[in-house]
Structures are given as C-alpha cells and as structure tokens.
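Examination of the molecular architecture
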Amino acid sequence: MSDNARELLILGVEAAKANSVDEARHYLEWVLNTDADIEQEADAWYWLSRIAPDHVEKRSCLESALAANPRYPEARRDLAILDGRLAPDQMPDLRYPVQPLVPSSHLEASDLLMYKCPRCGATMSANSIRGGLKCNFCGYTPGEPGGPHAGAQSVLQQAGEQDWTSTIFARKGHRWEVPVSRTFTCDSCGATVMVPAGQSSTQCPFCATPHIVHTGEEQRDLIEPTGVLPFALSASDAFARIVRWLQDAQFVPEGLSKLATQSVPRPVYLPVWTYDIEGDVRWSGYTYQTEFGRSKKVRVGGSAPLLFDDVLVPGTKSVEAVLLDQLKFETNNLLPFSPDMLASWPTEIYSISAADASVLARERALRQPSTTAQLETSLLTTGTAHETVIETTDFSIISYKLALLPVWIGAYTFEGETYQVVVNGSSGEVAGNVPRNKFQQLLNDFLG
Ligand SMILES: [Zn+2]
Ligand SMILES: [Zn+2]
C-alpha cells in the first residue's frame, strides 16, 4: 500500500464528505496519478463519483471503481440506483434492524387464487408434466383455445438469475415472513379453512378446491419465487423409493429395512435460495528448497480464484441442508414461477432471509468438494507446498434465485428413534439419516 496515496486519499474523502468539491477533486485525481494500489484507485474513483456533477460522469467514475475492484459493494449499489434497479425508498433505515412481516391471521378473497374448472366446476391441479393447469374431472386445460389463461408454461423457458445488488441493499433482502396460521372462507363451499403456519397453499378439506395465497410479495418487501421445479413423482413412487433405499442402506444395524416403521411421505414445495458466488482464497504454506546442499524451509503463498454455481441454502428448517445437497436438484432447469404451478401442492414460505442465507452460502461454498479441487489445481501451479492453510477468503455473491423445489418428506422409526428421509420429487433421488451399527458407532467414537 502506498502511504503517499493513502494520505491524499484521506484528504480527498474528507473534502468530499464536507462537500468541498474542488478540493476533493484535486486530491482524488492526485491519488490516481501516484503509485496508488488497486484498492486505493477504486476508492478514489468511488469518491469522485460521489462529487460528480452529472449522471454521465458519475456512471463513468463508478464503472472505473468497479473495473479496479469488481466487488466494491457501495459502487455496485450506487450503479444499481443510477440504473433504476434499486429505488432509494426501498432501502432499509440502517439505524434499525429490518423487521419480519407478521401477516394478518385472516385472508380476504382477494388474497387468494382458487382453482376450479370454469367448464364443469370440478377442482383443477397443476399439470406437472406439461405445465399449466388441468381439470381433475373433465380434463379441461385453460391453455386450450377459449380458456381464461392463454398459453401454458413453455418447458423451454428458464427461470433466470436475479440481481443481488438490488436485493441486498433493499429491505426485501433482509425480510422474511413470520409463520402464522391463517384462515379464509372457501368461496366454493363456504367452509372456514386454515392455511397452516408457514405455508402459502392449501386445499379446502371439505371440497378439495386448491387455494394459493397470492398477495404480491414485492409490495410487502418480500421476494417472489424465481422458479419452480415441478413434481414428477407420485406419493406411491416416493414411498417405493424410500423402501428400496432402506433395503440398500449400508453400515446400518441388521434387519433395519424389516424392523423400521415408515410414515407416508408428504409433499412440499420447499423454498431454497441458490447463490452464484465468486471469490478469492488466500493460502500460505511451506516448501523445501535445496541451498548449498542443504534443505531449507521456505514460506510460499498465493491466491486462488474460485467460482460456485448454485450453492443451496434451505429457506426453512423442514429439511437439513446436508440432505438437500444429496438430492442433487437440477437447479438450472427451473421453470419461471407462476402461482398456478402450486395448485394442489403444499408450498412453504421462506423464514430465513436472503441476506441471512447468503452468509450460510459463503460458509457452505468453502466446504464444498469442488473448493478443494479448485484449490488443489491452484496449488499445483506453484509446486508442492506443505502445511497449507487458508488465510483469508473474500467471497461475493454474483446472483441468486429463490427456487421452489419438490420434496417428499418422509420418516421412519427404528428402536424408538425417528429418522428423516427425503426424496427429490423431480428425479427420485433419496437421502436420509440412518442409525449406525455397533461397529460403525465404535469407529465414529474412535475418530471423534
Ligand atoms: Zn372440468
Ligand atoms: Zn371448500
């Protein structure tokens, strides 16, 4: 770091904060003409953007700041405001923590979408194979000519990545909804129906009409799902997969599959945050060099750029993150979200904010097997290093999605303990917790 540049930068920033534009410009431009390092250069450009007389110059300064340091959060934020991606009135008051939304316990008819066939009055369900809706009785699909919703979901469309800057600097990035059970009057049969806490869809238990809570997330400072991976597995398919999985489980007590009692799995669209992350890991270690016939320990170090696609963090506590990873969801194949896709499937509402989940995502990224692989590649280029340690990490989120993933949540009981088993409702992949046999238990205790 250049000390000369540092002093000039301090003077320039102070002048900019005091709104002494000419003085600030004098020092900040001087910083750019010294031996400033890349961080100082980014700071100088950023503060020049703060005193820029017009939008054109402001944009050019911000772009220069980001060219020097692509992760500069304030520069990204100000550029998002300039582009109209982030409105200042959407930004939280930093003096107070952002409060979660506490929904009203009664839902009005206007808060709900009801799925009844316009042709015969029977209930309609999301057609998971073709997309769109289908009448459970007469087979009518609204996509057909004359239907109220023209055009069913095209399978070729994909749900895109969302802009992180305009989310993390807005209230919606920090907010979540407190799980509250809510009631409404079924418009089809007049019964009072309850939507369980933490859910956004239900079926009337009296007339089976599917209802979806649809209150407009953006207006409530919450995030609307980006995409949905439709259910392709029925309850009996899911049950059969669990049975086979228990039979094939290894290192488990004898007779597990015969003695375990299974409960019927329940379907849920699970809200899951997915993050694309880029980062740098600085590492150091030792290598041995031979000098005058003697081996000498030499300190080496470097940095490795890392990239992660779709790091998953569950938005609720229904399924453990470790199990979720094992289900291997194809999160690049999400269909763009539409509430119709949830008709007749229970859907959970996220209770972990995008901001909180992003912290977990950075930790999870570091522990991914691909991180080790990427690090090893980087270490290979510098020869063999010993006792390598990670010194610092600098991870930033590039983009994110809020995915609704289809999961059959099951459980089985063995010797008085209950274990969770989950099935990927799209591919049939199974993951679950198992009791360990005595030998495995001893081995685990020994290894700590
Ligand atoms: Zn019908
Ligand atoms: Zn009803």
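Placed above this text is the structure.
Residues numbered from 1 in each chain as written. Chains lettered and ligands numbered in written order. Predicted model: local features only at pLDDT ≥ 70, side-chain atom pairs only at ≥ 80, totals over all residues. Heavy atoms only, no water.

1. What to know about the nonpolar core
- Met-124, Trp-245, Leu-256, Tyr-269, Trp-408, Tyr-412 and Val-423 are the most contacted members of the largest nonpolar core, which has 35 residues in total.
- Put simply, the parts of the chain that give this core at least two residues each are β2 (124-126), β3 (133-135), α7 (235-248), β14 (386-414) and β15 (417-424).
- Residues Leu-28, Tyr-46, Leu-48 and Ala-75 belong to the second largest nonpolar core, which totals 26 residues. (Core = buried A, V, L, I, M, F, W, Y, C linked by side-chain atoms within 4.5 Å. Buried < 20%, exposed > 50% of the residue type's maximum accessible area, 1.4 Å probe, protein only. Helix = DSSP H or I, 4+ residues; strand = E, 2+ residues; numbered from the N terminus.)

2. Some thoughts on the side chain of Ser-399
- By the secondary structure assignment, Ser-399 is in strand β14.
- Among the residues examined, Ser-399 registers a relative accessible area of 9% and is labelled buried.
- For Ser-399, the side chain forms a polar contact with the side chain of Glu-161, separated by 2.9 Å.
- Beyond its immediate chain neighbours, meaning those up to four positions away, Ser-399 contacts Glu-161, Gln-162, Trp-164, Thr-274, Tyr-275 and Asp-276. (Polar contact = N/O pair within 3.5 Å; in protein donor to acceptor, adjacent residues only side chain to side chain. Contact = heavy atoms within 4.5 Å.)

3. Observations regarding the coordination of the zinc ion (ligand 2)
- In this structure, Cys-186 (SG), Cys-189 (SG), Cys-204 (SG) and Cys-207 (SG) serve as the protein donors to the zinc ion (ligand 2), at separations of 2.3 to 2.4 Å.
- Given four donor atoms and angles of 103 to 115° at the metal, the environment of the zinc ion (ligand 2) is assigned as tetrahedral.
- Mapping the donors of the zinc ion (ligand 2) onto the primary sequence yields the spacing C-x2-C-x14-C-x2-C.
- By relative accessible area, which is 3% here, Cys-186 ends up buried.
- Take Cys-189: its relative accessible area is 37%, and that puts it in the partly exposed class. (Donors = N, O, S within 2.8 Å, 3.2 Å for Na, K, Ca; no water. Tetrahedral: all angles 85-135°; square planar, octahedral: opposite > 155°, others 65-115°.)

4. Concerning the coordination of the zinc ion (ligand 1)
- For the zinc ion (ligand 1), every protein donor is listed as Cys-117 (SG), Cys-120 (SG), Cys-135 (SG) and Cys-138 (SG), and the spread of their distances is 2.3 to 2.4 Å.
- Of note is the zinc ion (ligand 1), whose four donor atoms meet at the metal with angles of 102 to 117° in an arrangement that counts as tetrahedral.
- Residue classification places Cys-117 among the buried positions, given a relative accessible area of 4%.
- Relative accessible area serves as the criterion here: at 4%, Cys-135 is assigned to the buried category.

5. Quick word on the packing of aromatic side chains
- Counted under the stated rule, the structure contains 14 aromatic pairs.
- Ring centres 4.0 Å apart and planes at 10° place the aromatic pair Phe-231 and Trp-345 in the stacked group. Here Phe-231, found in the loop between β9 (227-228) and α7, pairs with Trp-345, found in the loop between β13 (335-336) and α10 (354-366); they are 114 residues apart in sequence, far enough to count as distant.
- The class of Trp-345 is buried, set by a relative accessible area of 17%.
- Ring pairs connect the aromatic residues Trp-164, Trp-273, Tyr-275, Tyr-350 and Tyr-400, which therefore count as one cluster.
- A cation sits over an aromatic face here: Lys-297 above Tyr-286, 4.5 Å from the ring centre. (Phe/Tyr/Trp six-rings, centres within 6.5 Å; stacked < 30°, edge-to-face > 60°. Lys NZ or Arg CZ within 6 Å of the ring centre and 35° of its normal.)

6. Quick look at the sheet that holds strand β7 (residues 201-203)
- Taken together, three strands build an open sheet; the order of strands is β1-β8-β7 and the sheet is antiparallel. Every interior strand has two partners, whereas the edge strands, β1 (112-114) and β7, have only one. The mean inter-strand angle of the sheet, taken between neighbouring strand axes irrespective of direction, is 20°.
- Direction of pairing for β7 relative to strand β8 (residues 210-213): antiparallel, over a ladder of three bridges. Residue pairing in the sheet places Ser-201 in a bridge with Ile-212 of β8. (Pairing = 2+ DSSP bridges. Axes fitted to C-alpha atoms, helices over the stretch in contact; angles between N-to-C directions.)

7. Considering unusual backbone geometry
- At Asp-221, a position not held by glycine, the phi torsion is positive, near 60°.
- Relative to the helices and strands, Asp-221 is located in the loop between β8 and β9.
- Classification of Asp-221 as buried rests on a relative accessible area of 19%.
- Positive phi is not limited to glycine here, since Glu-415 has a value of about 50°.
- Take Glu-415: it is sitting in the loop between β14 and β15.
- Under the relative-accessibility criterion, Glu-415 is labelled exposed at 72%.

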